[in-house]
Amino acid sequence: MLNKSLLIRFLLAILIIIQVIIVDTQSAEAAVDSYVKRYLDAKQPVEIKLNEQGETKKFSAEDLSTGKQIFAKNCLNCHVGGANLVNPPISLSLKNLEGATPPRDNINNLVAFFRDPMIYDGSDYTYFCRQVTENWMSQAEVEQMGAFILRAAQKAPAWGAQGVEQN
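Residues numbered from 1 in each chain as written. Predicted model: local features only at pLDDT ≥ 70, side-chain atom pairs only at ≥ 80, totals over all residues. Heavy atoms only, no water.

Which entries qualify depends on this criterion: UniProt positions are given in the numbering used here, feature names are shortened, and annotations may be inferred rather than shown by experiment.
Identification of the protein chain as Photosystem II cytochrome PsbV2 from Okeania hirsuta is taken from an unreviewed UniProt entry. Regarding the protein chain, the relevant UniProt record gives this comment under Sequence similarities (unreviewed entry): "Belongs to the cytochrome c family. PsbV subfamily."

Structure representation (structure tokens):
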């Protein structure tokens, strides 16, 4: 009787382990957004410009997917498709991000903007974008959101297409 009980427990433990492995594998695959894979070409980790000195930082498809989710939850009302509904000529296109003061075409400067939003020329605070405090989003989260924006500006078809460069 003891042997049967041990055998049943052993088999149940094996089944639980197999289930955990399958669920974990599916969760990791599901964590990657299909838009990120297809349009942002992020099947492998991608290098995103970190600072004005040209250093880069790698972001995985999971990081970019998380950034996309954060962007969708907090920014999409005004910035759908990289647009800028508040100031339509200044979209989130790469050219417009590069033209900001300071340039917002790298992770560090984009994170600085999230933490202390300034208007395009950097001369005053903007009240249209909410200040993203560290209590609200961690450094990793704002970097993931910034990486998503920058990668979309680099790769996504029509991202920010209505911006200045289209005139």
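With respect to the nonpolar core
Which entries qualify depends on this criterion: Nonpolar cores are built from buried Ala, Val, Leu, Ile, Met, Phe, Trp, Tyr and Cys residues. Side-chain atoms within 4.5 Å join them into one set. Throughout this description, buried means an accessible area under 20% of the type-specific maximum (1.4 Å probe, protein chains only), exposed means over 50%, and partly exposed covers the range between. Each helix corresponds to a stretch of at least 4 residues labelled H or I by DSSP, and each strand to a stretch of at least 2 residues labelled E; elements are numbered beginning at the N terminus.
By size, the foremost hydrophobic cluster in this structure holds 32 residues, and its most contacted members are Phe-71, Ile-107, Phe-114, Met-145, Ile-149 and Trp-159. Taken together, the elements giving at least two residues each to this core come down to strand E1 (46-49), helix H3 (61-74), helix H6 (107-115) and helix H7 (139-155). Counting residues per element, this core draws most heavily on H7, at eight residues.

Notes on the pattern of salt bridges
Threshold: Basic side-chain nitrogens of Lys or Arg form a salt bridge, by our definition, when they fall within 4 Å of a carboxyl oxygen of Asp or Glu.
Under the counting rule described, the total for this entry stands at three salt bridges. Between Lys-68 and Asp-33 there is a salt bridge, and its shortest N-O distance comes to 3.2 Å. Of this pair, Lys-68 sits in helix H3 while Asp-33 is found in the loop between helix H1 (2-30) and helix H2 (34-39), placing the two residues 35 residues apart along the sequence. Taking the relative accessible area as the measure of exposure, Lys-68 reaches 23% and is therefore partly exposed. Look at Asp-33 and you get partly exposed, because its relative accessible area is 22%. Between Lys-49 and Asp-105 there is a salt bridge whose closest N-O contact spans 3.1 Å. In this pair, Lys-49 sits in strand E1 while Asp-105 sits in the loop between helix H5 (94-99) and H6, placing the two residues 56 residues apart along the sequence.

With respect to the packing of H3 against H7
Here is the rule we go by: Simply put, an axis is a line fit to the C-alpha atoms, just over the touching stretch for a helix, and the angle between two N-to-C directions goes from 0 to 180 degrees. Any angle that falls under 35 degrees is termed roughly parallel, while one over 145 is termed roughly antiparallel, one within 65 to 115 roughly perpendicular, and all others oblique. Two residues qualify as a contact provided that any one of their heavy atoms is within 4.5 Å of a heavy atom in the partner residue. Three classes are used: nonpolar for Ala, Val, Leu, Ile, Met, Phe, Trp, Tyr, Cys and Pro, charged for Asp, Glu, Lys and Arg, and polar for all others, with Gly counted as polar.
Orientation of H3 relative to H7, taken along the N-to-C sense of each, is 95°, at an axis distance of 7 Å. The orientation of H3 relative to H7 falls into the category roughly perpendicular. Between H3, through Asp-63, Leu-64, Thr-66, Gly-67, Lys-68, Ile-70 and Phe-71, and H7, the contact on the second element is made entirely by Glu-141, Gln-144, Met-145, Ala-147, Phe-148, Ile-149 and Arg-151. Here the residues of the contact of H3 with H7 sort into seven nonpolar, three polar and four charged.

Here we look at the pairing of strand E2 (residues 56-59)
To be explicit about the condition: Only strands joined by at least two bridges in the DSSP assignment are considered to pair.
Across four bridges, the pairing between E1 and E2 is antiparallel. Of the residues in E2, the one forming a bridge with Val-46 is Phe-59. Hairpin remark: E1 followed by E2, antiparallel, with six residues in the connecting loop; positive phi at Gly-54, about 90°.

Topic: the packing of H6 against H7
Note the threshold: For a crossing to be left-handed, the near helix must be turned anticlockwise from the far one by less than a right angle; the clockwise case is right-handed.
Viewed as axis vectors pointing N to C, H6 and H7 meet at an angle of 115°, and their least axial separation amounts to 9 Å. For the pair H6 and H7, the crossing hand works out as right-handed. Here Ile-107, Leu-110, Val-111, Phe-114 and Arg-115 of H6 lie close against H7, whose contacting residues are Gln-139, Val-142, Glu-143, Met-145, Gly-146, Ala-147, Ile-149 and Leu-150. Across the contact of H6 with H7, the residue classes break down as nine nonpolar, two polar and two charged.

Points about the packing of aromatic side chains
By convention here, two paired aromatic rings are described through the distance between centres and the angle between planes. Put simply, the rule reads: Only rings of Phe, Tyr and Trp enter the pairing, Trp through its six-membered ring, and a pair is recorded when the two centres are within 6.5 Å. The plane angle decides the type: under 30 degrees is stacked, over 60 is edge-to-face, the rest tilted.
Scanning all chains against the criterion turns up six aromatic pairs. For the pair Tyr-35 and Phe-148, a centre-to-centre distance of 6.5 Å together with 55° between the ring planes defines the contact as tilted. With Tyr-35 in helix H2 and Phe-148 in helix H7, this pair connects stretches of sequence that are 113 residues apart. Look at Tyr-35 and you get partly exposed, because its relative accessible area is 23%. Phe-148 sits in the buried class, given a relative accessible area of 3%. One aromatic cluster is present, formed by Tyr-35, Tyr-39, Phe-71, Phe-148 and Trp-159 through successive ring pairs.

Topic: H3
Under the convention used in this document: Working rule for helices: expected span equals 1.5 Å times residues minus one.
When the terminal C-alpha atoms of H3 are compared, their 20 Å separation across 14 residues agrees well with the 20 Å that a helix rising 1.5 Å per residue should span. Residues of H3 that are buried: Ala-61, Leu-64, Ser-65, Gly-67, Ile-70 and Phe-71. Taken together, the buried residues of H3 touch H2, E1, E2, helix H4 (76-79) and H7.

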